[in-house]
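Okay, here's what each chain looks like letter by letter:
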Amino acid sequence: MHCPVCGFEDTRVIDSRLIPGGQGIRRRRECPGCNERFTTLETAQWAYPRVVKRDGRREPFDEHKIRTGLLRALEKRPVPTEALEPIVMELLRWIRSLGEAEVSSRRIGEWLMDRLKTLDQVAYVRFASVYRDFQDVQDFRRAIEHLADPGEEVDAPTPRDPPSRTA
Ligand SMILES: [Zn+2]
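These notes cover the structure that comes with them.

The rules we used
Residues numbered from 1 in each chain as written. Predicted model: local features only at pLDDT ≥ 70, side-chain atom pairs only at ≥ 80, totals over all residues. Helix = DSSP H or I, 4+ residues; strand = E, 2+ residues; numbered from the N terminus. Contact = placed C-beta atoms within 7 Å. Core = buried A, V, L, I, M, F, W, Y, C linked by C-beta atoms within 7 Å. Buried ≥ 20, exposed ≤ 12 C-beta atoms within 10 Å, placed from the backbone. Pairing = 2+ DSSP bridges. Axes fitted to C-alpha atoms, helices over the stretch in contact; angles between N-to-C directions.

**Let's talk about the overall build of the protein chain**
When helices and strands are tallied, the protein chain shows five helices and six strands. When the helices and strands of the protein chain are listed from N to C terminus, the series reads β-β-β-β-β-α-α-β-α-α-α. Contacts spanning at least 24 positions in sequence make up 45% of the contacts within the protein chain whose residues lie at least 6 apart.

Right, dumping it as structure tokens:
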């Protein structure tokens, strides 16, 4: 890389070390032009698609929001918090693998519900109530019936649902 001080076109790496936890590499560099030394940090950079909300607004994908939503659904349930981590990691991999510029919050929600269904059924219904924006007891009944009959199409639209925009 160029020297950030004098703009010299090549700088020498004089030291490289893994940062604690192994999530990146810190390099000490020296500029042959002005002898200035500086440090660069190299970490993986993931490009996540923007999330298209139900109302059409776009927002950056937020891993923290996903965790918060899952923790809320699992509150006071006999599921260890550590059980969430593999689900979050798998979700991140799945989203990156889509290679799309945008993904609907609905599609993310359905993916997570699918995982929660096998993890904890109460958490599944709680999560579904938020993601599908349950309006009344009928919606809860439908979600619970779906647990009893897993052969049913997951994305079965209720009369209120807008048309699915997933590809
Ligand atoms: Zn320089």
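There's plenty left to go through after this.
**A closer look at the nonpolar core**
Among the nonpolar cores identified, the biggest contains 17 residues, and Leu116, Tyr124 and Phe127 are the most heavily contacted of them. Elements supplying a minimum of two residues to this core: helix 1 (63-73), helix 2 (84-98), helix 3 (105-119) and helix 4 (121-131). Considering every element that reaches this core, the biggest residue donor is helix 4, with five residues. Apart from residues lying up to four places away in sequence, leucine 116 is in contact with Ala73, Ala123, Tyr124 and Phe127.

**A closer look at the sheet that holds strand 3 (residues 37-43)**
Reading across from one edge, 1-2-3 is the order of the three strands in this open sheet, with antiparallel pairing throughout. The two strands at the open ends of the sheet, each matched to only one other strand, are strand 1 (12-18) and strand 3. Along the sheet, successive strands turn relative to each other by an average axial angle of 25 degrees, direction set aside. Where strand 1 meets strand 2 (residues 24-30), six bridges bridge the pair, whose relative direction is antiparallel. Each residue of the ladder has a partner; that of aspartate 15, found in strand 2, is arginine 28.

**With respect to the environment of leucine 91**
One can find leucine 91 in helix 2. Spatially, the C-alpha atoms of leucine 91 and isoleucine 108 are 8.2 Å apart, while their sequence positions differ by 17 residues.

**Points about the sheet that holds strand 5 (residues 58-59)**
Spatially, 5-4-6 is the arrangement adopted by the three strands of the open sheet, whose pairing is mixed. Strands with a single pairing partner mark the edges of an open sheet, and in this sheet they are strand 5 and strand 6 (102-104). Bridge analysis of strand 4 (residues 50-52) against strand 5 gives two bridges, and the strand direction is antiparallel. Within strand 5, the residue paired with valine 51 across the bridge is glutamate 59. Here helix 3 sits on the sheet and contacts strand 4 and strand 6; the angle it forms with strand 6, its principal contact strand, is near 60 degrees.

**Some remarks on unusual backbone geometry**
Notably, asparagine 35 is not glycine yet its phi reads approximately 65 degrees, a positive angle. Position of asparagine 35 among the secondary structure elements: in the loop between strand 2 and strand 3. Backbone geometry at lysine 76 places phi at a positive 60 degrees, although glycine is not the residue there. Tracing the sequence through the fold places lysine 76 in the loop between helix 1 and helix 2.

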